[in-house]
Amino acid sequence: MCQCQCPISSQTFEKVSGASLKGAPLSALYKGSPRDASVTRECLYRCRSSSDCNSMLLSYTGYSCKKSTLTSDGRRTDVAVTNPPSATSYFEKICLTAPRCSRLWTFERVIGYEISGFDDHTIHGVSSRIQCEDMCLKERAFVCRSGEYDYAFQSCRLSSEDRRSQPSSFRAAFGDVDYFENQCVTDGSTGCDYEEKPDTDMERVDAILTANTQSECQQLCDSSRSFLCHAYSFREASATCMLRSDDTFNLRNSATRPRIGTSYYQRSNCFDLKLTCTDTVMQLVLKTREPFDGRIYSQSEPHACQTYGNKQTITKFMMDVRGQCGVMLKDEDHLTNTVVIQYHPLIQQKGDRIIKLYCSLFEETNRTLYQSFTVNQGLEPAVTSVVNATAPTPNLRIRITNANGSEISGTTRVGDQLYFRIEIDEDSVFGIFARNMTAKNGRGDVQIDLIDENGCAVNPRIFPSFQKIPNSKSLQSRFQAFKFSEDPVVRFQVNVHFCLEECSSFPCGDQSSYGRRRRREAEEENIVPDYPLVMAIVVEGSQIFDNSTWPDRYTDDRELEMSDELVCTTKTVVVVSSLGALFLQIGLLAACGTCLLLTRRDRRPKYSEDAASTVTETLPPPFGSNVQHTRLR
């Protein structure tokens, strides 16, 4: 008997993503179609009921599976994972003595890997990996989420962490070690936000369902009972919701592919939260996947009661019940407070949390009960534990819009009137100012300065100083689109600083800009360094014409705007009109010349006797002498 030959009630499966068993003879088990709701479920059911199916290769793109009588016992190195991972998964029957759960498979296995430094329990003298997995299911001192089996030393290491809660510690192991992950527990990454990748999909689908909205699809993923759903895709055009047990944490980004009209979502920004209370202190313990360097503070007293992360995965926040932390007594038997957890030390972003905390008081001890708090589940009253699971929009953002306020899409033209906006939520306790703004070309080797250190425009004709939008905390600058020579990409970078409440303006010649902190803010120690924002646009230049179609006269957009009356014509009409005007000018010149000659001819003198006598009589005597004239004959 092999390991997989055991009672049906004890049989389950172990999965290796993106793998196959080398040298294993395969025979057809099931052939489905893209319309099947779950090829994974159908294949596993068929393999479970087949006595000669000890392992199975599932093809996600072929909607089919093949079975084999062989397993990886004694040949673990034959379980091959391609790079990038193929659109297949290898499933192997295993027999466990511990009660199996309702999942389609109980463990996921990664050959040659481990989580370094997070062993909660180590047992020596364990004869097999299957026995180590049994121990994980039977562990009661803590929730066993993962384990490692060392074949050489026959040791079993169990952990309350997994590769998603500690991704930076998941690495290739030294020696003959296999990592396995328990699928019979709820996802340890509670309080998760979903990261969106538009126009992206993954060729690995474990279940296809119908959903009318993206939020409905997400609920189907969160409530999945057949497997731990770590990612999903939603296609709005066909109301299709595709659930997955795999994501880029275990398959890397190479497993995704472009697909227009489909958005891919996977869990990210996850944390665990625990709350303990005494009659004087509420203590919040935040455990994150990655080192936390953000900020935790009381919503009602953000500056008097706060703490900053020191780049550790565990962060503690102490709230004095009788101090300035906003802790309130509710109904004489509950302590309550609302805290904000944000991943950046200064600004709120998508994925940050606003959480309401509760502590129950007991009259006989006047102390609070230890409570385990998670964002998704909460405490009693559970419905109101989470005020807002996700901040609706980022607190700080930049937009480049046209005159109508619509964001520009695609490309814009040189000279188009644009607005560069730096926006912040109006209910924020901070004001903003902008300085040290530059523009670079797409290659990054050419740069011009737009706004200086004080927030003043270097050349207002290119880019004016930022001004406050009326009745708003946001800033904007109105400018005309420009571009670099031979490069259509213009990449803006601006440094944004924050002031408590409001920033004061700085004089810049005839105008003022919001580019300097208030003196009081400049002297405070907790002001965070400038926060850089980057945005790129594509700007088209003037149209280039081929010589064969070059116009007789080029008129740009500015001339069109200044001209009241323009008459369009053809090249033939222009040539004929020019020749006609030339002949007319020649005729006018000829007529003028003829008239001039005729006029000169009429004015020539006629030499008759009377004329000669008249002439000589009217001439004065030379030098005043008295000369007697005689008539000519």
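Scope of this entry: the structure provided in the associated data block. For clarity, every value in this text was computed on a predicted model and none was experimentally measured.

Looking at the side chain of Asn495
In step 1: Along the chain, Asn495 falls in strand β38 (residues 489–500).
In step 2: Setting aside chain neighbours within four positions, we find Asn495 in contact with Phe433, Ala434, Arg435, Asn436, Asp530, Tyr531 and Pro532.

Digging into the packing of aromatic side chains
In step 1: Within this structure, the stated rule accounts for 17 aromatic pairs.
In step 2: A ring pair is formed by Phe107 and Phe180, whose centres lie 5.4 Å apart and whose planes are at 90°; its orientation type is edge-to-face. With Phe107 in strand β8 (residues 107–111) and Phe180 in strand β14 (residues 177–182), this pair connects stretches of sequence that are 73 residues apart. An identical accessibility class is assigned to Phe107 and Phe180; each is buried.
In step 3: Ring centres of Phe482 and Phe492 lie 6.0 Å apart, and the angle between their planes is 85°; on these two criteria the pair is classed as edge-to-face. Of this pair, Phe482 sits in the loop between β37 (475–480) and β38 while Phe492 is found in strand β38, placing the two residues 10 residues apart along the sequence. With respect to class, Phe482 is no different from Phe492; both count as buried.
In step 4: Each residue in the set Phe420, Phe463, Phe466, Phe479, Phe482 and Phe492 is aromatic and connected to the rest through ring pairs, giving one cluster.
In step 5: Just above the ring of Tyr297 sits the side chain of Arg295; from NZ or CZ to the centre is 3.9 Å.

Things to note about the state of the cysteines
In step 1: Within the structure shown, the criterion is met by nine disulfides.
In step 2: Between the sulfur of Cys217 and that of Cys241 lies a disulfide, 2.0 Å long from S to S. Its torsion about the S-S bond being 80°, the disulfide of Cys217 and Cys241 is classed as right-handed. Remark: Cys241 occurs in strand β19 (residues 240–244) and Cys217 occurs in helix α3 (residues 214–222); sequence separation between them is 24 residues. A single burial state applies to Cys217 and to Cys241, both of which are buried.
In step 3: Here Cys456 connects covalently by a disulfide to Cys508, the sulfurs 1.8 Å from one another. Judged by the sign of its S-S torsion, about -75°, the bond between Cys456 and Cys508 is left-handed. Here Cys456 is found in the loop between β35 (447–451) and β36 (467–468), whereas its partner Cys508 is found in strand β39 (residues 506–508), with 52 residues between them in sequence.
In step 4: A relative accessible area of 10% means that Cys456 is categorised as buried.

A look at the pairing of strand β1 (residues 11–17)
In step 1: With seven of its seven residues buried, β1 lies for the most part within the structure.
In step 2: In β1, alternate side chains face the same way, and those of Gln11, Phe13, Lys15 and Ser17 on one face and Thr12, Glu14 and Val16 on the other are all buried.
In step 3: Across seven bridges, β1 lies against strand β7 (residues 88–95) in antiparallel orientation. Bridge assignment links Glu14 to a residue of β7, and that residue is Glu92.
In step 4: One ladder, built from two bridges, connects β1 with β8; its direction is parallel. Bridge assignment links Lys15 to a residue of β8, and that residue is Glu108.

Thoughts on the pairing of strand β28 (residues 334–342)
In step 1: For β28, a buried count of eight out of nine residues is recorded, marking the element as mostly surrounded by other parts of the structure.
In step 2: Where strand β24 (residues 295–298) lies against β28, four bridges are found, and the strand directions are antiparallel. When the sheet's bridge partners are listed, Arg295 is paired in β28 with Gln342.
In step 3: Pairing of strand β27 (residues 328–330) with β28, which is carried by three bridges, proceeds in the antiparallel orientation. Paired with Met328 across the two strands is Thr336, which belongs to β28.
In step 4: Pairing analysis gives eight bridges linking β28 to strand β29 (residues 353–360), with the strands arranged antiparallel. By the bridge assignment for β29, His334 is matched with Ser360.

A closer look at helix α2 (residues 129–138)
In step 1: Burial of α2 is extensive: seven of the 10 residues sit out of reach of the surface.
In step 2: Among the residues of α2, those classed as buried are Arg129, Ile130, Cys132, Glu133, Asp134, Cys136 and Leu137.
In step 3: Buried residues in α2 make contact with β1, β7, β8, β11 (146–150), β12 (155–159) and β14.

Here's the deal with the sheet that holds β19
In step 1: The sheet built from five strands is open, its strands ordered β15-β21-β18-β19-β17 with antiparallel pairing. The sheet is open, and its two edges are formed by β15 (193–197) and β17 (207–210), each paired on a single side. The average undirected angle you get between the axes of adjacent strands in this sheet is 25°.
In step 2: As paired elements, strand β18 (residues 231–235) and strand β21 (residues 262–268) share five bridges and run antiparallel to each other. Paired with Tyr232 across the two strands is Tyr265, which belongs to β21.
In step 3: Against the sheet, α3 touches β15, β17, β18, β19 and β21, its axis set at about 150° to β18.

Cut-offs used in this document
Residues numbered from 1 in each chain as written. Predicted model: local features only at pLDDT ≥ 70, side-chain atom pairs only at ≥ 80, totals over all residues. Heavy atoms only, no water. Helix = DSSP H or I, 4+ residues; strand = E, 2+ residues; numbered from the N terminus. Contact = heavy atoms within 4.5 Å. Phe/Tyr/Trp six-rings, centres within 6.5 Å; stacked < 30°, edge-to-face > 60°. Buried < 20%, exposed > 50% of the residue type's maximum accessible area, 1.4 Å probe, protein only. Lys NZ or Arg CZ within 6 Å of the ring centre and 35° of its normal. Disulfide = S-S within 2.5 Å. Pairing = 2+ DSSP bridges. Axes fitted to C-alpha atoms, helices over the stretch in contact; angles between N-to-C directions.

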